[in-house]
Amino acid sequence: MKVSLNWIKNYISIGDVSPQELADRLTFAGVEVEAVEKLSTATNLVIGEVVECSPLQESDHLSLTIVNTGSKHGLLQIVCGAPNVRVGLKVIVALDGALLPGGKITKGTIRGVESQGMICSLLELGVDAKFLSEKQISGIEELDDDAVVGDEEVLKYLGLDDTILDLKLLANRSDLHSVYNVAREIATLYRCEVKEEQWVLPKANESSFIVSSLTKACPQFSGRVIRNIQVQPSPKWLKQALQSMGVRSINNIVDIGNYIMLLTGQPLHMYDLDRLPKQELIIKDDYVGIFKALDEQDYSIQKGDIVITSGGRVMCLGGIMGSLESLVDEQTKNIVVEVANFAFDAIRRTSTRLALASDSSSRFIKGVNPYQYEDVINKATAMIIDLCNTKNIEKVVTYDSRKNDTPPCIETSVSYINKRLGTNFLQQEIVETLKRDYLEIEVLNRDEFVAKVPEWRIDITGPADICEEVIRIIGLDKIHSVLPSLKVTVGGYPKDKQLVRNVRNYLSGRGLDEVLTYSLVKKSELNGFRHLVKGEAYRLINPLTDEHEYLRLNLMTSLLKVAS
C-alpha cells in the first residue's frame with residue numbers, strides 16, 4: 001500500500017516531523033514502512049515561456065528557442081528537439097546545474113549554438129509513462145495558462161513535490177488500505193486531531209430503483225441514482241492525487257470511484273443507468289454463464305460466484321470487475337452508484353479461480369469496514385455533484401439483512417493487560433492510550449473496563465487485541481529487559497518421570513533399544529503387514545513430501561526401516 005504524504009496532510013498536521021522520522025514511528029508501532037520515496041527528485045527548475053522559436057540550421061528536427069524564465073534568470077537560449085515546441089508555450093525549464101533522474105544538466109554547445117538549459121517533458125522529471133499520453137511522451141510538457149513564469153516551485157505546481165510511504169501491511173490491518181485511516185493511525189501516534197470532512201447534499205428525490213440480495217454472501221447493498229451528469233476529464237488536483245497513489249486518470253466518474261476507494265478503503269462501482277435492462281440490481285450466487293468484463297475478456301461464471309444482475313443479465317462480477325455492458329463512458333448521462341459488502345471468502349475463491357484481480361477484490365478479500373456504506377455513498381455523491389455539474393440525485397436505496405450488527409464491546413482488565421505484557425501500567429495510562437486509538441472506554445471499577453471498538457478496526461475482536469493496541473502505541477521500549485529470578489531447588493524427577501526412567505534403564509540394560517520414528521509414511525509402506533491392522537490409512541491434504549503422506553497403520557514397517 002503506497003500512501004501520499006501530501007494527501008495525508010490534508011487531514012492531519014504533524015508539524016516539522018520528517019518523512020523518515022514518521023516512517024520510523026509507524027514501523028515501531030507495527031505498521032512497517034518499507035520505503036520512503038519522492039515522486040520526483042528533479043532540482044533547479046523554473047517555469048518559462050517560449051518567446052522565440054525557429055528551426056536550427058543544418059538540423060531537420062532541432063529548434064532554437066528563446067525562453068523567458070522571469071526576472072531572476074531572464075531570457076535563456078535553449079536548443080530543443082521536441083516536435084511540439086512553439087512560441088507562446090509555457091514550459092518547464094531545467095537550468096544549468098539541474099539534477100534530473102537522467103543526469104545533470106549543464107550549459108553546452110549543440111551544432112555550434114550555445115544551449116543554456118533544457119526544456120523538459122514529465123518523463124524527464126521521473127513521471128511513469130503509464131500516466132502520460134503519447135503526446136506527452138514524445139514531446140515537452142505543455143503547461144496550463146495558470147502557470148506563472150519565473151515560478152521555481154515547479155514540482156509543487158505539477159503535484160510532484162510529494163513523498164510516498166510504501167507500507168508493508170500485516171494481514172489483520174485491512175483498515176490501513178485507506179488514506180483516511182492511515183491519517184487516523186498517525187494522529188493516534190502523534191496525539192493530533194483528524195479533520196472531519198463536511199458536505200451538504202441537495203434535496204434528494206424519491207427513488208423507484210430496486211436493490212436486493214438473494215445470497216448471504218452479500219448482506220448489504222446500497223445504490224443511488226444520479227441523473228444529468230457530465231462525463232469529462234478530471235480536474236488537475238484529482239489527477240495528481242490519483243497519480244501520487246499509482247492510479248491513472250480515466251474520466252471524472254471513474255476517478256471519483258477510485259479516489260473514494262483510496263480514501264475510505266471501500267470499493268464502489270458506477271453503472272450507466274440507461275444501459276441496465278431493468279431499473280434494478282439483484283445480487284445472486286447461483287448464476288451460470290459467460291460474463292464479458294470491462295477488460296473485454298469473457299469469464300465463465302459458476303455457482304458460488306457473486307454477480308450483480310439486472311433483468312437476469314450480469315452487470316458486475318461482485319467485488320471484482322464491472323460488465324462491459326454497463327460501462328460508464330463519455331456518452332453516459334445517468335448513473336447508479338453502488339456500495340456493498342461482500343463475503344471475503346467468496347470474492348477470494350472467484351478471483352483466484354478466474355485469475356482476475358483488481359484493487360477492489362484485494363480490499364474485499366482483506367476485509368472492509370462494514371458500517372461505513374452510508375458515509376461512502378454520500379461522499380461519492382458530493383464529489384459527483386461538484387465535478388459532474390448536476391444536482392439531480394435520488395434517495396439511497398438499501399438492502400441490509402444484518403440485525404443490530406454493531407462493532408464489538410470487549411471487557412478486559414488492567415491486571416490482565418499487565419500480566420500479558422509484563423508491564424505495570426496504571427489504569428489511567430491504559431485508558432488514555434485506548435481513547436487516543438479511538439476506542440470508547442467505560443470504566444467498571446479500579447481494574448476492569450469495557451472497550452467499544454471503532455467501526456473501522458475489524459481486527460480488534462478480543463482482550464488480546466486490546467493488549468496489542470496498548471503496547472504498540474505506548475511503545476515496546478516501555479517493556480523492561482529484566483532477567484527472570486532463578487530459585488535454587490533440590491534436583492530430582494517427579495514420581496511418574498522417575499518410573500519411566502527406571503523402566504527405560506532396565507530394558508536398555510538387557511539389550512533392548514528404544515527407537516522414535518515418524519508417524520507419517522509413504523504410500524508404498526502401507527501395504528506391508530496388513531493383517532495386523534484393518535482399515536484405511538488417513539492421508540494428509542497438503543503433505544510436505546511424498547515420504548510423509550499417510551498416517552501409518554502399524555509400527556512394523558518403521559522398525560524394519562530402522563533395522564535396515
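What this report covers is the structure whose coordinates are included nearby. (Residues numbered from 1 in each chain as written. Predicted model: local features only at pLDDT ≥ 70, side-chain atom pairs only at ≥ 80, totals over all residues. Heavy atoms only, no water.)

Side note on the overall build of the protein
Of the regular secondary structure elements, the protein holds 15 helices and 29 strands. Rg of the C-alpha trace for the protein: 32 Å, well past the compact-globule value of 24 Å for 564 residues, more than 25% over. Projecting the C-alpha coordinates of the protein onto the three principal axes gives extents of approximately 105 × 65 × 60 Å. Per-residue burial over the protein gives 46% buried out of 564 residues. Contacts spanning at least 24 positions in sequence make up 71% of the contacts within the protein whose residues lie at least 6 apart. Separation between the mean location of the 64 positive side-chain charges and that of the 76 negative ones in the protein comes to 7 Å. (Helix = DSSP H or I, 4+ residues; strand = E, 2+ residues; numbered from the N terminus. Rg over C-alpha atoms; globule rule 2.2 N^0.38 Å. Buried < 20%, exposed > 50% of the residue type's maximum accessible area, 1.4 Å probe, protein only. Contact = heavy atoms within 4.5 Å. Lys, Arg positive; Asp, Glu negative; His and termini not counted. Charge placed at Lys NZ, Arg CZ, Asp CG, Glu CD.)

Digging into the packing of helix α6 (residues 236–244) against helix α7 (residues 252–264)
At a closest axis distance of 10 Å, the pairing of α6 and α7 adopts a crossing angle of 50 degrees. If you check the angle between α6 and α7, you find them oblique. The chirality of how α6 crosses α7 is left-handed. Across the interface between the two elements, Trp-237, Leu-238, Ala-241 and Leu-242 from α6 touch Asp-255, Ile-256, Asn-258, Tyr-259 and Leu-262 from α7. Considered class by class, the residues forming the contact of α6 with α7 number 7 nonpolar, 1 polar and 1 charged. (Axes fitted to C-alpha atoms, helices over the stretch in contact; angles between N-to-C directions. Parallel < 35°, antiparallel > 145°, perpendicular 65-115°, else oblique. Left-handed = near helix turned anticlockwise from the far one by under 90°. Nonpolar A, V, L, I, M, F, W, Y, C, P; charged D, E, K, R; others polar.)

Describing the nonpolar core
If you look at the biggest cluster of nonpolar residues, it comprises 57 residues, and the most contacted ones within it are Tyr-259 and Ile-384. If one sorts the elements of this core by residue count, helix α10 (residues 373–387) sits on top with 8 residues. Residues contacting Tyr-259, with those up to four places away along its chain left out, are Trp-7, Tyr-11, Trp-237, Leu-238, Ala-241, Leu-242 and Met-383. Of all hydrophobic cores here, the second largest spans 34 residues; its members include Phe-209, Ala-217, Phe-221 and Phe-364. (Core = buried A, V, L, I, M, F, W, Y, C linked by side-chain atoms within 4.5 Å.)

Notes on a nonpolar patch on the surface
Among the surface-exposed residues, Val-515, Phe-529, Leu-532, Leu-555, Met-556, Leu-559, Leu-560 and Val-562 lie close enough to one another that they form a single nonpolar patch of about 650 Å² accessible area. As for its placement among the helices and strands, Phe-529 is situated in the loop between β28 (520–521) and β29 (550–551). By relative accessible area, which is 32% here, Phe-529 ends up partly exposed. (Patch = residues over 30% accessible without salt bridge, like charges linked within 9 Å, V, L, I, M, F, W, Y side chains within 5 Å. Areas by Shrake-Rupley, 256 points an atom, 1.4 Å probe, with all protein chains shown as cover. Salt bridge = Lys/Arg side-chain N within 4 Å of Asp/Glu carboxyl O.)

Looking at the side chain of Thr-264
Within the secondary structure, Thr-264 sits in helix α7. Residue classification places Thr-264 among the buried positions, given a relative accessible area of 16%. Among the polar contacts listed, one links the side chain of Thr-264 to the backbone oxygen of Ile-260, at a separation of 2.8 Å. Those residues in contact with Thr-264 that lie beyond four places of it in its chain are Ser-178, Gln-372 and Val-376. (Polar contact = N/O pair within 3.5 Å; in protein donor to acceptor, adjacent residues only side chain to side chain.)

Comments concerning the pairing of strand β18 (residues 298–301)
Residues Tyr-299 and Ile-301 of β18 are buried on one face, while the alternating residues Asp-298 and Ser-300, pointing to the opposite face, are not. Two successive antiparallel strands, strand β17 (residues 289–292) and β18, enclose a turn made up of 5 residues, where Glu-296 displays a positive phi of approximately 65 degrees. (Pairing = 2+ DSSP bridges.)

Things to note about the sheet that holds strand β1 (residues 2–4)
Pairing in this open sheet of 3 strands is antiparallel, and the strands run β1-β12-β2 from one edge to the other. Only two strands of the sheet have a single partner each, and these edge strands are β1 and β2 (32–38). On average, each strand axis in the sheet is tilted by 25 degrees relative to the strand beside it, whichever way the strands run. In terms of strand pairing, β2 meets strand β12 (residues 163–168) through 6 bridges, oriented antiparallel. Residue pairing in the sheet places Lys-38 in a bridge with Thr-163 of β12.

A word on the environment of Glu-536
In this fold, Glu-536 is placed in the loop between β28 and β29. You can call Glu-536 exposed: its relative accessible area is 69%. Along the chain, Glu-536 and Lys-478 lie 58 residues apart, while their C-alpha atoms are 55 Å from each other. Excluding its chain neighbours within four sequence positions, the residues that come into contact with Glu-536 are Arg-530 and Leu-553.

Overview of the sheet that holds strand β3 (residues 45–55)
Taken in spatial order, the 5 strands of this open sheet run β5-β4-β3-β6-β11, and their pairing is antiparallel. Each end of this open sheet is capped by a strand with a single partner; those strands are β5 (75–80) and β11 (117–120). Between one strand axis and the next, the sheet turns by 45 degrees as a mean value, whatever way the strands run. Relative to β5, strand β4 (residues 63–68) runs antiparallel, the two sharing 6 bridges. Bridge pairing in β5 links Leu-64 to Val-79.

Some thoughts on the pairing of β17
Relative to β18, β17 runs antiparallel, the two sharing 4 bridges. Note that in β18 the partner of Ile-290 across the bridge is Ser-300.

Concerning the packing of aromatic side chains
Under the counting rule described, the total for this entry stands at 5 aromatic pairs. With a centroid separation of 5.2 Å and an interplanar angle of 85 degrees, the aromatic rings of Tyr-11 and Tyr-180 are classed as edge-to-face. Here Tyr-11, found in the loop between α1 (5–8) and α2 (19–28), pairs with Tyr-180, found in helix α5 (residues 179–190); they are 169 residues apart in sequence, far enough to count as distant. There is no split in this pair, since Tyr-11 and Tyr-180 are both buried. One cation-aromatic arrangement involves Arg-184 over Trp-456; the distance from NZ or CZ to the ring centre is 3.6 Å. Cation over ring: Lys-236 sits above Tyr-157, and NZ or CZ is 3.8 Å from the ring centre. (Phe/Tyr/Trp six-rings, centres within 6.5 Å; stacked < 30°, edge-to-face > 60°. Lys NZ or Arg CZ within 6 Å of the ring centre and 35° of its normal.)

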